[in-house]
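Summary of the model geometry
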Amino acid sequence: MIRRQTSSKRTVLTTVLVVGEGDTEKAFLDYLKSIYVTRFCGVSVTVRNAHGKGPMNVVDTAIRQSRTGEYKVVAVLMDTDLPWTADVIKLAGKRICLIGATPCTDGLLLQILGEQVPTQSLRCKEALLARMNRKPFVKEAYAQDFPKQLLDEKSADVPALKKLIELMAGLSPASDR
């Protein structure tokens, strides 16, 4: 019996780690992943939750999580309502892309929806809950209000969204530092 050799080409994936500051960030990032990262697209995206505690903790969580795998691209999505100190920026270094949501992720989401963005995080949260009429802590909550077509259109006007979509494509966007 003659055995044929099959050439199995192994596809090298671009591995991406994105750490969100909290539950809302994680849910939104998971939603973006569900619509932009398709099977056999050559990109593997891992989303993690830093569970808050400020910018230093978010960057530290990204560093610790990045040690568990070999990620080509590492990024964090965090609010800008707490200042990013020089220590946070130094800790992130050139390895971690910092993406800021001004003043918070709820504000970023309102901006994508074309709504007025309050300057205070609490007001942003209230406005988003009133607009979406559901809790933004699960990825399914975003399907109705954030269709792919809207995200694609708004990415031209919302730099943080553009960077997040680039991440889902395996690209390393410029940091917000």
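Structure report, in brief.

Parameters at a glance
- Residues numbered from 1 in each chain as written.
- Predicted model: local features only at pLDDT ≥ 70, side-chain atom pairs only at ≥ 80, totals over all residues.
- Heavy atoms only, no water.
- Helix = DSSP H or I, 4+ residues; strand = E, 2+ residues; numbered from the N terminus.
- Buried < 20%, exposed > 50% of the residue type's maximum accessible area, 1.4 Å probe, protein only.
- Contact = heavy atoms within 4.5 Å.
- Areas by Shrake-Rupley, 256 points an atom, 1.4 Å probe, with all protein chains shown as cover.
- Lys, Arg positive; Asp, Glu negative; His and termini not counted.
- Charge placed at Lys NZ, Arg CZ, Asp CG, Glu CD.
- Phe/Tyr/Trp six-rings, centres within 6.5 Å; stacked < 30°, edge-to-face > 60°.
- Core = buried A, V, L, I, M, F, W, Y, C linked by side-chain atoms within 4.5 Å.
- Salt bridge = Lys/Arg side-chain N within 4 Å of Asp/Glu carboxyl O.
- 1 Å grid on protein atoms, 1.4 Å probe; cavity = no way out; pocket = protein on both sides within 12 Å on 5 of 7 lines; lining within 4 Å.
- Points joined across faces, edges and corners; volume = space filled by probe spheres on them.
- Nonpolar A, V, L, I, M, F, W, Y, C, P; charged D, E, K, R; others polar.

**Some details on the overall build of the chain**
Summing up its helical and strand segments, the chain has seven helices and four strands in all. In the chain, the succession of helices and strands from N to C terminus is β-α-β-α-β-α-β-α-α-α-α. Reported as C-alpha extents along the three principal axes, the dimensions of the chain are approximately 75 × 40 × 25 Å. Out of the 177 residues belonging to the chain, those deemed buried represent 48%. For the chain, long-range pairs separated by at least 24 residues make up 63% of all intrachain contacts whose partners lie at least 6 apart in sequence. Of the roughly 10200 Å² of accessible surface on the chain, a fraction of 51% belongs to carbon and sulfur atoms. The distance from the centre of the 26 positive side-chain charges to the centre of the 19 negative ones in the chain is 11 Å.

**Remarks on the environment of Gln144**
Counting through the fold element by element, Gln144 comes out in the loop between helix H5 (121-132) and helix H6 (148-154). As a C-alpha pair, Gln144 and Ala75 span 69 residues in sequence and 26 Å in three-dimensional space.

**A word on the packing of aromatic side chains**
Counted under the stated rule, the structure contains four aromatic pairs. Taken together, the ring pairs connect Phe28, Tyr31, Tyr142 and Phe146 into an aromatic cluster.

**Topic: the nonpolar core**
Taken as a class, soluble globular proteins show a tendency for nonpolar side chains to be buried jointly. Core analysis: the biggest nonpolar cluster contains 39 residues, and Phe28, Ile112, Tyr142, Phe146, Leu151 and Leu164 have the highest contact counts within it. Every residue in contact with Ile112, bar those within four places of it in the chain, is listed here: Phe28, Phe146, Leu150, Leu151, Lys154, Val158 and Leu161. Counting residues in hydrophobic clusters, the runner-up holds 16 residues, among them Ala50, Ile63, Ile96 and Leu98.

**Comments concerning the pattern of salt bridges**
Evaluation of the coordinates by the stated rule reveals seven salt bridges. Of the charged contacts in the structure, one is a salt bridge between Lys125 and Asp106, with a shortest N-O distance of 2.9 Å. Of this pair, Lys125 sits in helix H5 while Asp106 sits in helix H4 (residues 105-113), and the two are 19 residues apart along the sequence. A relative accessible area of 36% places Lys125 in the partly exposed class. For Asp152, the salt bridge goes to Lys148, with nearest N and O atoms at 3.0 Å. One end of the pair is Asp152 and the other is Lys148, both in helix H6 and four residues apart, which spans about a single turn. Using a relative accessible area of 35% as the deciding quantity, one classes Asp152 as partly exposed. Owing to a relative accessible area of 38%, Lys148 belongs among the partly exposed residues under this scheme. Among the ionic contacts, a cluster of salt bridges with common partners joins Glu115, Arg131 and Asp145.

**Remarks on the layout of surface pockets**
Its boundaries defined by the atoms lining it, the largest pocket holds a volume of some 200 Å³. Around the largest pocket sit 15 residues that line it, and Thr24, Glu25, Asp106, Lys125 and Phe137 are the ones nearest its centre. Contributing elements (two or more residues each) for the lining of the largest pocket: helix H1 (23-36), H4 and H5. Considering only residue class, the lining of the largest pocket consists of three nonpolar, four polar and eight charged.

**Some remarks on the side chain of Asp106**
Asp106 gets classed as buried once you look at its relative accessible area, which sits at 3%. The residues touching Asp106, leaving out its near neighbours within four places in the chain, are Thr24, Cys124, Lys125, Leu128 and Pro136.

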